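# Topology and contacts: notes
Residues per chain, in single letters:
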Amino acid sequence: WRHLASCEEKLRSTTSAVRIEAIKALGTMEFDLAFPPIEQLLIAETVPQVRYKALEVLGEFGSPEALPAIDASIRKSLALQDTNGMDIAMVIQMQLKGDRSGIQSMAQDHRASIVVRMCEASLKKVSVDARTA
């Protein structure tokens, strides 16, 4: 619990790098503990790199329970005019739904390397999930 409280405190830091480190640390915890602070961060966060890391961690958890937060992140990215953020959220959304062809299409059509890297990681995750299902 102390570790969780420390991460939550770091998520309120004014330094993006500190918030990213806190997100990474939350990614090592159980989903039920880590999800609420990550979800709150996605609602409030405006720095793209911090939002991308939060989405990446949600994708690593692989829990469909994160889909409403990812949907909200898509809307937030639209409001921020952050097309890469919107696309990353869509990739994670497709990953959690097991939409391999959608991810492949996004990877082929996208020019932003950060989105392509996220597609590649999501494709690996979808393949692993399909083998273990």
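Attention in this report is confined to the structure presented alongside it. Everything quoted here is computed from the prediction, not taken from an experiment.

## A few points about the nonpolar core
- Membership of the largest hydrophobic core comes to 42 residues, with the highest contact counts inside it found for L26, I38, L58, I70 and V91.
- Elements represented by at least two residues in this core include exactly α1 (2-11), α2 (16-26), α3 (31-44), α4 (48-61), α5 (67-79), α6 (83-97), α7 (100-109) and α8 (113-132).
- For I38, the residues in contact, after removing those within four places along its chain, are L26, A54, V57, L58 and F61.

## Examining the pattern of salt bridges
- Tallied over the full model, the rule gives three salt bridges.
- Two residues, E21 and K24, come together in a salt bridge whose shortest N-O distance is 3.3 Å. With E21 and K24 both in helix α2 and three residues apart, the pair spans about one turn of that helix.
- For E21, a relative accessible area of 46% corresponds to the partly exposed category.
- Among the residues examined, K24 registers a relative accessible area of 38% and is labelled partly exposed.
- Between E56 and K53 there is a salt bridge, and its shortest N-O distance comes to 3.1 Å. Of this pair, E56 and K53 are both found in helix α4, three residues apart, which corresponds to roughly one turn of the helix.

## With respect to the packing of α1 against α3
- Packing of α1 against α3 leaves a shortest axis separation of 11 Å and a crossing angle of 5 degrees. Regarding the angle of α1 to α3, the classification is roughly parallel. Contacts between α1 and α3 pair L4, E8 and L11 from the former with L33, P37 and L41 from the latter.
- Per-class residue counts for the contact of α1 with α3 are five nonpolar, no polar and one charged.

## Here we look at α5
- Over its 13 residues, α5 extends 19 Å from the first C-alpha to the last, a length consistent with the 18 Å expected when each residue adds 1.5 Å.
- Along α5, the residues that are buried comprise L67, A69, I70, S73, I74, K76 and S77.
- The secondary structure elements touched by the buried residues of α5 are α3, α4 and α6.

## As for the environment of K53
- Look at K53 and you get buried, because its relative accessible area is 17%.
- Considering only alpha carbons, one finds K53 and I23, 30 residues apart in sequence, at a separation of 7.0 Å.
- With sequence-adjacent residues up to four places away left out, K53 is seen in contact with I20, I23 and K24.

## Details of the environment of M118
- Relative to the elements of secondary structure, M118 occurs in helix α8.
- Owing to a relative accessible area of 9%, M118 belongs among the buried residues under this scheme.

## A closer look at the packing of aromatic side chains
- With the rule as written, the count across this model stands at two aromatic pairs.
- Geometrically, the ring pair formed by F31 and F35 is stacked, given 5.0 Å between the ring centres and 25 degrees between the ring planes. Pair noted here: F31 and F35 are both in helix α3, with a separation of four residues, about one helical turn. Grouping residues by exposure puts F31 and F35 together as buried.
- Centroid distance F31 to F61: 5.4 Å. Interplanar angle 75 degrees. Geometry classified as edge-to-face. One end of the pair, F31, is in helix α3; the other, F61, is in helix α4, and 30 residues separate them in sequence. Each member of the pair, F31 together with F61, is buried.
- Pairwise contacts between aromatic rings join F31, F35 and F61 into one cluster.

Parameters and conventions
Residues numbered from 1 in each chain as written. Predicted model: local features only at pLDDT ≥ 70, side-chain atom pairs only at ≥ 80, totals over all residues. Heavy atoms only, no water. Core = buried A, V, L, I, M, F, W, Y, C linked by side-chain atoms within 4.5 Å. Buried < 20%, exposed > 50% of the residue type's maximum accessible area, 1.4 Å probe, protein only. Helix = DSSP H or I, 4+ residues; strand = E, 2+ residues; numbered from the N terminus. Contact = heavy atoms within 4.5 Å. Salt bridge = Lys/Arg side-chain N within 4 Å of Asp/Glu carboxyl O. Axes fitted to C-alpha atoms, helices over the stretch in contact; angles between N-to-C directions. Parallel < 35°, antiparallel > 145°, perpendicular 65-115°, else oblique. Nonpolar A, V, L, I, M, F, W, Y, C, P; charged D, E, K, R; others polar. Expected span 1.5 Å × (residues − 1). Phe/Tyr/Trp six-rings, centres within 6.5 Å; stacked < 30°, edge-to-face > 60°.

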